[in-house]
Amino acid sequence: MAASSATKMQVTEEVIIQMSQVNKWYGTFHVLRDINLTVNKGERIVICGPSGSGKSTLIRCLNRLEEHQSGDITVQGITINNDLKNIDEIRREVGMVFQHFNLFPHLTILENCTLAPIWVRRMPKADAEAIAMKYLERVKIPEQAHKYPGQLSGGQQQRVAIARSLCMEPQLMLFDEPTSALDPEMIKEVLDTMVSLAEDGMSMICVTHEMGFARKVANRVIFMDEGQIIEEKEPEEFFNNPENERTKLFLSQILDH
Amino acid sequence: MTTPRKYVRTEDAPLLPPPATEAGITGWLWQNIFASMSDFQSLGAAIRSLFMILFSLLLVYLFIDQTYGLIDFAILSAVWSDPEGLKREVCWTVQQGGSLPDGWHGACWPFVWAKQKFAWFGPYPSEELWRIYLSLIVGSIGLVWALRERLPYRRQVGVLMLTLYPLLAFILLTGGNSDASFTGIGVWIIVGLALISVGRMGAAGHLGTIFAELAGIFGIVGWGIIALNVVRGIVAVDFNLTPVGTGDWGGLLITLVVALTGIVASLPLGIILALGRRSEMPVVSVLCTIFIEFWRGVPLITVLFMASVMLPLFLPAGVNFDNLLRALIGVMLFSAAYMAEVVRGGLQAIDKGQYEGAQAMGLSYWQTMRLIVLPQALTHVIPGIVNTFIGLFKDTTLVSIVGIFDLLGAGQSAVADAAWSTPVQAITIYLYIGIIFFIFTTLVSIVGIFDLLGAGQSAIADAAWSTPVQAITIYLYIGIIFFIFCFGMSRYSIFMENKLSKSRRH
């Protein structure tokens, strides 16, 4: 397992995300301050930091769920600006998993998964269903395909949400605190799914406080506070030798239990 | 090893069947009828049970007492037939010169049977009634087909019912052969095609950036003009049917035409207005809000008077809209405004995450609305939608005050027939109309029971003072007063919405 993941989890030279001098305000509140970040294809980045530090806002800027006011963001070579065509193109290539799953409660699991391939990729229904079943098997719940989201446990729903994003065969996955709304015994099944995704070479940016996950799969950990990136290290370094006082305080608070 | 505590089980507790009060027929009876009245375990419970028994009996008595009068009048004491053709005398008591015992009080159904055709179709020519029957039969089959689950081609039938059927019904009912000129229609179609071409060229970027953004609007307007004129063209074809003007329509036919047009048009219009009001584009949002607040703030009765009395004053001489068509448009816009607010309530109940989930997958605005938001929002507000439909159906009785003979209007003019003049004549016909309305509204919602006669009867008194200028002035005045009150309520509800939604923001 370890050997295979080591070979698969290769970071390439190809740049997938380029953020330079990105600033964002909510009204007068300066929520993202001069963010500069480059992510290569195949990288697995964990972003952590105290609540309100701008982690979620940062990744939500990457698919234009939030608008940044200055600076440049390029995803897969496409610049995010007011051009709706660019935004549509980026959203097709970037999958996102939310804290509260955001499954569509009036559609079955299978319909949740086939919706975007059918309506956005214009795929025939049969092909879309084949792909959906492939990814539902990948997250180990093909037998739930014809149930509704409300009939599933939280962990199962989050795995469906992951499968739903994968059905668009994205180049990059964004995770916005995917385990924060889950019961402790369901966190593991979701993290396992994410680990296996990382082992298959998926580029991912993950906002999470699951430090075990960060240690296991991340190749970089980014620490944010007050809208700025104040520390960036490889996981072992990050946990053992944090430099910034704020990082030390944060780590001591979440690890000393 | 410690001694096990008494409350810690060492083996599984057995699974037991439920007690008799929880399952089966006894369970049902217990839970639904006797639960509150058969507990005699303590003195307090026994007193409460006795009280509940007495209270239940009292309610049953009141119900029977109230309904018995109605049943007696409508069924037990009623005169059902008039085999000898006596007309009004069949319902006269001895004192009045008839044969019924003195003090008799009951429904005079032969009067209704005699006025049946009039109440249903007004002065529509008898030999052309097959056209109404045909429209009604095709309509009912189509409606049932489109609404029943699991029938083949359900969606296609539904689309036909919304597109082809209104056209078919219109041609059948009026006879088609309208006097629109085919040359004029041709010119309009060319204009439509020209607009579409401009839109296409704009979309391809040949006409500069401003046109590129407006391309969609050109296309929509162009197609709209073409569709409208194709309809005008079809309606102008001579189908060799005797023309029957809407002035000869009446009774239930009018009620159904007005109500169904209003119901069918108000939902899509209301959805568009609701989406518009919540739009992030300020111009669209403000326009939709003004439209909704205007139509919601004016009583329907004023709208109808404006449409039938005031509108012709503004139209150039020679241009004459059909009176019924004017009322239809008024009802349509009026109910669309109400529907818009019902739908908006549903839209507000949808979590922000649903929009984000859809957007993150790359769905467009319209796809998000159609596939994700509206299916859920409309489900939430079904009671409100049905409420609006039923209200609309009953409010159609108001058209009788602008000279359109709906069911209630036909009933009123039937009462004036001296050949049937008996003391119970008016009660019988209103009972009959009430029953018809009740059946239709029950079809719309089998859940609620509503006061059916009230809305229509209030219109009777108003019709008496419809002198042209005075009427306009007074209704305008009333309209303004109503508008101020309704607008105040509406502003308050916006305030409440803002206040309540603050706590729900993340």
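For the structure itself, consult the block above.
For the structure given in this document, a descriptive report is provided here. (Residues numbered from 1 in each chain as written. Chains lettered and ligands numbered in written order. Predicted model: local features only at pLDDT ≥ 70, side-chain atom pairs only at ≥ 80, totals over all residues. Heavy atoms only, no water.)

Re the overall build of chain B
Moving on, step 1. Tallying secondary structure elements over chain B gives 18 helices and zero strands in all.
Moving on, step 2. Counting across all 506 residues of chain B, residues that qualify as buried make up 38%.
Moving on, step 3. Partitioning the contacts of chain B with sequence separation of at least 6, the portion at a separation of at least 24 is 71%.
Moving on, step 4. As presented, chain B carries roughly 30,100 Å² of accessible surface, and 70% of it is formed by carbon and sulfur atoms. (Helix = DSSP H or I, 4+ residues; strand = E, 2+ residues; numbered from the N terminus. Buried < 20%, exposed > 50% of the residue type's maximum accessible area, 1.4 Å probe, protein only. Contact = heavy atoms within 4.5 Å. Areas by Shrake-Rupley, 256 points an atom, 1.4 Å probe, with all protein chains shown as cover.)

Concerning the overall build of chain A
Moving on, step 1. Of regular secondary structure, chain A possesses ten helices and ten strands.
Moving on, step 2. For chain A, whose C-alpha radius of gyration is 18 Å, the value lies close to the compact-globule estimate of 18 Å for 257 residues.
Moving on, step 3. Referenced to the eigenvectors of the C-alpha coordinate spread, the extents of chain A come out at roughly 55 × 45 × 35 Å.
Moving on, step 4. Counting contacts in chain A only where the partners sit at least 6 residues apart, residues at least 24 apart contribute 67% of the total.
Moving on, step 5. As displayed, chain A has an accessible area near 11,400 Å², and 48% of this comes from carbon and sulfur atoms.
Moving on, step 6. Distance between charge centroids for chain A: 4 Å, based on 27 positive and 36 negative side chains. (Rg over C-alpha atoms; globule rule 2.2 N^0.38 Å. Lys, Arg positive; Asp, Glu negative; His and termini not counted. Charge placed at Lys NZ, Arg CZ, Asp CG, Glu CD.)

A short note on the interface of chain A and chain B
Moving on, step 1. On the chain B side, the residues contacting the 21 residues of chain A number 17 residues.
Moving on, step 2. Of the roughly 1,600 Å² buried at the junction of chain A and chain B (both faces included), carbon and sulfur atoms supply 62%.
Moving on, step 3. Across the chain A-chain B interface, the total number found is one salt bridge.
Moving on, step 4. Of the charged contacts in the structure, one is a salt bridge between glutamate 356 of chain B and arginine 60 of chain A, with a shortest N-O distance of 2.6 Å.
Moving on, step 5. Scanning the region where chain A abuts chain B turns up six residue pairs in polar contact (both at pLDDT 80 or more).
Moving on, step 6. Per-element accounting of the side of chain A that touches chain B gives the leading share, four residues, to helix 4 (residues 109–119) of chain A.
Moving on, step 7. Class assignment for the residues of the side of chain A that touches chain B results in 13 nonpolar, four polar and four charged. (Buried area = accessible area lost by both parts, 1.4 Å probe. Salt bridge = Lys/Arg side-chain N within 4 Å of Asp/Glu carboxyl O. Polar contact = N/O pair within 3.5 Å; in protein donor to acceptor, adjacent residues only side chain to side chain. Nonpolar A, V, L, I, M, F, W, Y, C, P; charged D, E, K, R; others polar.)

Remarks on the sheet that holds strand 9 (residues 220–225) of chain A
Residue and element names in this part refer to chain A.
Moving on, step 1. Pairing in this open sheet of six strands is mixed, and the strands run 6-7-8-3-9-10 from one edge to the other. Both edges of this open sheet fall to strand 6 (94–97) and strand 10 (228–233), since each of them pairs with a single strand only. When strand polarity is set aside, the average angle formed by the axes of neighbouring strands in this sheet is 20°.
Moving on, step 2. Relative to strand 10, strand 9 runs antiparallel, the two sharing five bridges. In the sheet register, isoleucine 222 faces strand 10, and the bridge partner there is glutamate 232. (Pairing = 2+ DSSP bridges. Axes fitted to C-alpha atoms, helices over the stretch in contact; angles between N-to-C directions.)

Brief notes about the environment of threonine 261 of chain B
Residue and element names in this part refer to chain B.
Moving on, step 1. Assignment of secondary structure puts threonine 261 in helix 8 (residues 252–277).
Moving on, step 2. Between the alpha carbons of threonine 261 and proline 166 there is a distance of 8.9 Å; along the sequence they are 95 residues apart.
Moving on, step 3. Ignoring sequence-local partners within four residues, the contact set of threonine 261 consists of Leu256, Ser266, Leu328 and Met332.
Moving on, step 4. Polar side-chain contacts of threonine 261 include one of 2.4 Å to the backbone oxygen of valine 257.

Comments concerning helix 3 (residues 109–121) of chain B
All names here are of chain B.
Moving on, step 1. Spanning 13 residues, helix 3 covers 18 Å between terminal C-alpha atoms, matching the ideal 18 Å at 1.5 Å per step.
Moving on, step 2. Lysine 115 marks the point of greatest bend in helix 3, at about 60°.
Moving on, step 3. Of all the positions in helix 3, only Trp109, Pro110, Phe111, Val112, Lys115, Ala119 and Phe121 are classed as buried.
Moving on, step 4. One or two steps after helix 3, the chain reaches glycine 122, where phi turns positive at roughly 65°. (Expected span 1.5 Å × (residues − 1). Bend = angle between axes of the 7 residues up to and from the residue.)

Some words on the pairing of strand 2 (residues 29–40) of chain A
In summary, the side chains of a regular strand alternate between the two faces of the sheet.
All names here are of chain A.
Moving on, step 1. Relative to strand 2, strand 1 (residues 15–26) is paired through eight bridges, and the arrangement is antiparallel. Bridge assignment links tryptophan 25 to a residue of strand 2, and that residue is histidine 30.
Moving on, step 2. Hairpin connection, strand 1 to strand 2: the antiparallel pair is bridged by two residues, and glycine 27 has positive phi, about 65°.

Section: the pattern of salt bridges
Pairing is possible between side chains that carry opposite charge, provided their charged atoms lie close to one another.
Moving on, step 1. Taken as a whole and judged by the stated rule, the model has 23 salt bridges over all chains.
Moving on, step 2. The closest approach of N and O atoms between arginine 121 of chain A and glutamate 93 of chain A, which form a salt bridge, is 3.9 Å. Of this pair, arginine 121 of chain A sits in the loop between helix 4 and helix 5 (125–138) while glutamate 93 of chain A sits in helix 3 (residues 84–93); the two residues are 28 residues apart in sequence, bridging distant segments of the chain.
Moving on, step 3. The residue lysine 248 of chain A makes a salt bridge to glutamate 245 of chain A at a minimum N-O spacing of 3.4 Å. A residue pair is termed a helical-turn pair when its members lie 3 or 4 positions apart in one helix, as lysine 248 of chain A and glutamate 245 of chain A do in helix 10 (residues 245–255) at three residues.
Moving on, step 4. Its relative accessible area of 35% is what places lysine 248 of chain A among the partly exposed residues.
Moving on, step 5. Residue classification places glutamate 245 of chain A among the exposed positions, given a relative accessible area of 58%.
Moving on, step 6. Shared partners join several salt bridges into a network, and the residues in it are Lys24, Arg60 and Glu66 of chain A together with Lys352 and Glu356 of chain B.

Some thoughts on the packing of aromatic side chains
All names here are of chain B.
Moving on, step 1. One pass over the full model with this rule turns up nine aromatic pairs over all chains.
Moving on, step 2. Relative to tyrosine 133, the ring of phenylalanine 121 lies with its centre 5.7 Å away and its plane at 80°, an arrangement referred to as edge-to-face. Of this pair, phenylalanine 121 sits in helix 3 while tyrosine 133 sits in helix 4 (residues 129–147); the two residues are twelve residues apart in sequence, bridging distant segments of the chain.
Moving on, step 3. On the numbers, 5.2 Å between centres and 45° between planes, the contact of phenylalanine 334 with tyrosine 338 is tilted. Taken as a pair, phenylalanine 334 and tyrosine 338 lie in helix 11 (residues 323–348) at a separation of four residues, close to a single helical turn.
Moving on, step 4. For phenylalanine 334, a relative accessible area of 8% translates into the label buried. (Phe/Tyr/Trp six-rings, centres within 6.5 Å; stacked < 30°, edge-to-face > 60°.)

Focus on helix 5 of chain A
All names here are of chain A.
Moving on, step 1. In this model helix 5 runs 20 Å from its N-terminal to its C-terminal C-alpha over 14 residues, within 8% of the 20 Å that 1.5 Å per residue would give.
Moving on, step 2. Of all the residues in helix 5, the buried ones are Ala128, Ile131, Ala132, Tyr135 and Leu136. Buried residues of helix 5, viewed axially, fall in a sector of 135°; they line one side.
Moving on, step 3. Those residues of helix 5 that are buried are in contact with helix 4 and helix 6 (154–166).
Moving on, step 4. Two residues or fewer after helix 5 comes lysine 140, characterised by a positive phi angle close to 65°. (Arc of directions from axis to C-beta.)

A closer look at the nonpolar core
Moving on, step 1. In terms of nonpolar packing, the biggest core is built from 63 residues, with Leu115 of chain A together with Tyr124, Trp249, Leu253, Leu304, Leu347 and Ile372 of chain B touching the most fellow members.
Moving on, step 2. In terms of residue count, helix 11 of chain B provides more of this core than any other element does, twelve residues in total.
Moving on, step 3. For leucine 347 of chain B, the residues in contact, after removing those within four places along its chain, are Ala274, Leu275, Arg278, Tyr355, Val373, Leu374 and Ala377 of chain B.
Moving on, step 4. Counting residues in each nonpolar core, the second largest holds 47 residues, with Val46, Ala132, Leu182 and Cys206 of chain A among its members. (Core = buried A, V, L, I, M, F, W, Y, C linked by side-chain atoms within 4.5 Å.)

Bear in mind that shape data such as this cannot, by itself, settle questions of function.
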